[in-house]
Amino acid sequence: MKSGCYTALISPFNQAGELDQEGLDKLIDFQIQNGITGILATGTTGESPTFKWPEHDFVVTRVAKAAKNKCLMIAGTGTNNTQEALEATEHAVKEEVDAVLLVDPYYNCPSSLEIRKEYYEVIAKQFPDIDLIPYIIPGRTSTQLLPQDLAILAQNCPNVSSVKDATGNLDNMKLIRQCCGSDFMIFSGDDGLIYDIMTNPEIRACGAISVMSNIVPKFMTKLVSLLNKGDIKEAGELNNALKPLMNLVVVTTKEDSQFGPVTCKARNPLPIKTLMRVLGMPSGPCRKPLGKMTKKGFTILLDTVKKVFASNPEFFEPIASYFEVDIEKQLNDSAFHRTLTYGY
């Protein structure tokens, strides 16, 4: 692995819920054309929890072939079943990917010790020639590989030299740096924290595995590159301009139901796929049980993007050119938006 910006690639579906293979090819090429460091296929942003295994393997194969000699390729092969993760990793290794990303085992919630000994170490030792990246996201998994066990894992398995941290907890990342040493690579799993953790001297992250780079790969890559070069001033300006977009990864609203107010969270990948549909990019709907945004949530998303487009239209020029769309029309013509929301 090397420092930089990697896109957690969206998986496009058609209206029947089947994988849009042509759309997938276009999204891969769009990323490559815009200078992305690497592509993560079959991550949770790519809706891997709803993939059938043949689909999962197909996407890994497709991205690996398209990215070869053009950018790095990571395959998401983690599950809450060590045997399935071994099988997925074996397929990814055969496709000659550059690394595999494994999320902490969700729902069955093993301890940090169990995660290390019965999951990560098993897979890392079975495939010692492939880089293995633990993916720490307790907000979704309800469990966590702790920094201490991550450090032991890295000592026991030389092919573990990096982590994707989506804890949102800077103290956790500081402890990773303390435990794992100065050469260990920390990648941000939260777009909104990239600037903060790459400039924090106690964390010194080296890049990101990004969601918003599905929309603005050129500029997310530039942000990470500027930070790695130490150009803090220009990076700060770019980060401030991109921040409204990065904050759309999760859109939270207060909705009124017949039984009183409720909080509604449109979680990744729903807001990103909704935005891609607005912008005329291959995307399609999310697979159930993900559905649509509420009207309030969609209004927040649309108003935010309109403001960013007004102040920084260059962010959207690559989309306009590559997909041959009129961004201003896509944002302002309600005909493109009618099927994208439902009320509470």
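Structural notes, computed from the coordinates.

Calculation notes
Residues numbered from 1 in each chain as written. Predicted model: local features only at pLDDT ≥ 70, side-chain atom pairs only at ≥ 80, totals over all residues. Heavy atoms only, no water. Helix = DSSP H or I, 4+ residues; strand = E, 2+ residues; numbered from the N terminus. Axes fitted to C-alpha atoms, helices over the stretch in contact; angles between N-to-C directions. Parallel < 35°, antiparallel > 145°, perpendicular 65-115°, else oblique. Left-handed = near helix turned anticlockwise from the far one by under 90°. Contact = heavy atoms within 4.5 Å. Buried < 20%, exposed > 50% of the residue type's maximum accessible area, 1.4 Å probe, protein only. Polar contact = N/O pair within 3.5 Å; in protein donor to acceptor, adjacent residues only side chain to side chain.

Structurally, glycine 343 is set in the segment after strand S12 (341–342). Spatially, the C-alpha atom of glycine 343 lies 32 Å from that of lysine 26, the residues being 317 residues apart in sequence.

Turning our attention to the packing of helix H4 (residues 112–126) against helix H6 (residues 147–156). One way to put it is that H4 packs onto H6 with a least axis distance of 10 Å and a crossing angle of 25°. As far as their axial angle goes, H6 and H4 are roughly parallel. Crossing geometry of H4 relative to H6 is assigned as right-handed. Contacts between H4 and H6 pair Ser112, Leu113, Arg116, Tyr120, Glu121 and Lys125 from the former with Asp149, Ile152, Leu153 and Asn156 from the latter.

With an omega dihedral of 10°, the bond running from asparagine 268 to proline 269 counts as a cis peptide bond. With respect to the helices and strands, proline 269 occurs in the loop between strand S10 (260–266) and helix H11 (270–278). With an omega dihedral of 20°, the bond running from lysine 288 to proline 289 counts as a cis peptide bond. The backbone of glutamate 47 shows a phi angle near 60°, a positive value even though the residue is not glycine. Positive phi is not limited to glycine here, since glutamate 96 has a value of about 60°. Within the element layout of this structure, glutamate 96 appears in the loop between helix H3 (82–94) and strand S4 (99–103).

On to helix H7 (residues 170–180). Buried within H7 are the following residues: Asn172, Met173, Lys174, Ile176, Arg177 and Cys180. On its buried face, H7 is in contact with H6, strand S6 (162–165), strand S7 (185–188) and helix H8 (194–199). At the N-terminal boundary of H7, the capping side chain belongs to asparagine 169, with an oxygen 2.9 Å from the backbone nitrogen of aspartate 171. The positive-phi residue at the C-terminal boundary of H7 is glycine 181, with phi of around 95°.

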